[in-house]
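The primary structure of each chain is shown beneath.
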Amino acid sequence: MVVRAWDWLRGKKPLVDAFFAAPLVLLSLPDLLREPFGVSKGTYALLMVALTTPLVLRRTYPRAVFMVVALISGVQCLAGVNPVPANVAVLMGLYTVTASYAFRWGVAAALVGEVGAAMATFRYPTGANARKSTFTILAVVVAGVWVLGLHMRTRRAYLRSVEERAARLEQERDNEVKMAMAAERARIARELHDVVAHNVSVIVVQADGASYAIDTDVRRARQALETISNTGRLALAEMRRLLGVLRESDDVSAFAPQPGVAQLDDLIEQVRASGLPVIYEVEGVPVPMSEGRQLTVYRIVQEALTNTLKHGGPRVAVSVRLRYSGEALEIQVDDDGRGAAAPDDGRGHGLAGMRERVAVYGGRVRAAPRSGGGFEVVAWIPVREEVGAT
C-alpha cells in the first residue's frame, strides 16, 4: 500500500512540491505573529506567499520558478527588506534546475545564486569581518546546493542508462529467443518435408501398383497394401516426434532418435519394397560423425530417392554410393530415369533443403540431370569440424 501511495504521489508533482514547500511556511508562521525583520506583518506575509507559492510548480517548470524566486529575492534585497526563512526557496530552485537540466543551466543558476550572495553580503551586514564571513557562508551554501543538484543529475542519468541498457538487453534476449524459435521451426519444416515427401511418394507408388495388381495378382496387391500400411505408420511416428517439439507442455520428455547412416539400410529396403531397384554401396572406411551430420546424410539420400520415385518414371533404377575419404564423405545418388525430361511444377523445396543442410557443415551439393539421361545428386560433407570453426 505504501508503494502504491508513493507511485501515485510521484505522478502528482505539484502536490509533492507543495509538501516540500510546507516547512518553509511553517518556519515563517511564528515570525508572522510579531513584526519580524523590521517589516510590517502584511509585507512579511506577502513576501512569504510570493516566495513559497511558486514552489508548487518547482519540478514542473524549474527554470521559471527559479527565475521568479530569484527575482523576488533580488527586489527584496534592493528594497532593504531583511532575509526571511522563505528565501530558502532560491536554494530549492537552484537545486531543481541543476538536477533537471544540462550542465550549463546548472552553472548559470549557481552564478545567479552567487550574485545574490554578494548582494546580500554588501546590503545587510556592517563591518568588513561580518561581510567576509557572511559571503563565505552564503557562497559555500550555494556551491554545496549546486554540487548536490549536480550529483543528483548524474545519478539520474546513470539510472536512466542502466534502465535503458536493461530494456535493450531484454529486447535483445527476446529477439534471440524469437530467432532461435524461428530457426527451430525452419529445421522442423525441413524435416517434415523430407519425411512427408518420401513416405507419401512410397505410398503413392505402392497404391498405383496395388490398383493394377488387385485383379490379376492378389498376393502382390496384398503385399503393396502392407507396405502402404507400414510406410504410413512410419510417417506418422516421425511426424509425431517432430511436431512434439512444438508442443508447449513439459510432459513430452523423450522422442525417438533421429535417423542416421545406420538407418540407411532400412530406408533402402523400404524403397526396394516399393518396387524401385536400388544398388547400395559403401566405399572406404566409415568414420564416426556427429548426429547432425548423420541426419544430413540420411535426409540427402532420402530426398534423392524420393525425387526418383516421383520423377524417374517407369522401369527406373537407382544407385546409392557412400565414399569415405578420411576427411569427407561423398554421397552419390544416380538414376537412369527421365532426367531433364521429368515434369517439374516448381513447387518443390527438396533440392534447396539439401543445400541448406550441407551448407551448415561447410559442404556442397550438385544436383542436375546427367548428359546420358537420368538424374544425379552428389554431396560432399566434411566428417569433422574444422579447426577454429564456430
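What you see is a predicted model; the values in this text were computed from it and never measured.

*Asks:* How should the sheet that holds strand β4 (residues 364-369) be read in this particular structure?
*Replies:* Hydrogen bonds between backbone atoms are what pair the strands of a sheet, whose relative direction is either parallel or antiparallel. Ordered in space as β1-β2-β3-β5-β4, the five strands form an open sheet in which the pairing is mixed. Only two strands of the sheet have a single partner each, and these edge strands are β1 (278-283) and β4. Averaged over neighbouring strand pairs, the angle between their axes works out to 10° when direction is ignored. Two elements, β1 and strand β2 (residues 318-324), share six bridges in a ladder whose sense is parallel. From the neighbouring strand, Glu283 faces β2, where its bridge partner is Arg323. Here helix α10 (residues 291-311) sits on the sheet and contacts β2, β3 (328-335) and β5 (375-382); the angle it forms with β5, its principal contact strand, is near 175°.

*Asks:* How do you make sense of the environment of Arg384 when you look at a structure like this?
*Replies:* Inspection of the secondary structure assignment puts Arg384 in the segment after β5. The exposure class of Arg384 is partly exposed, given its relative accessible area of 44%. Counting along the chain gives 96 residues from Arg384 to Pro288, while the straight-line C-alpha distance between them is 8.8 Å. The contacts of Arg384, once residues within four sequence positions are left out, are Val287, Arg293, Gly326 and Glu327.

*Asks:* Even after reading the chapter, I still don't get the UniProt feature "transmembrane region" (unreviewed entry) in the protein, so can you show me in this structure?
*Replies:* Under the UniProt annotation, the feature "transmembrane region" (unreviewed entry) is placed at residues 64-81, 101-122 and 134-152. Along residues 64-81, the helical share is 83% and the strand share 0%, with 23 Å between the first and last C-alpha atoms. In the segment residues 134-152, helix accounts for 100% and strand for 0%; the C-alpha atoms at its two ends are 27 Å apart.

Rules of the game
- Residues numbered from 1 in each chain as written.
- Predicted model: local features only at pLDDT ≥ 70, side-chain atom pairs only at ≥ 80, totals over all residues.
- Heavy atoms only, no water.
- Pairing = 2+ DSSP bridges.
- Helix = DSSP H or I, 4+ residues; strand = E, 2+ residues; numbered from the N terminus.
- Axes fitted to C-alpha atoms, helices over the stretch in contact; angles between N-to-C directions.
- Contact = heavy atoms within 4.5 Å.
- Buried < 20%, exposed > 50% of the residue type's maximum accessible area, 1.4 Å probe, protein only.
- UniProt positions renumbered as here; feature names shortened; annotations may be inferred.

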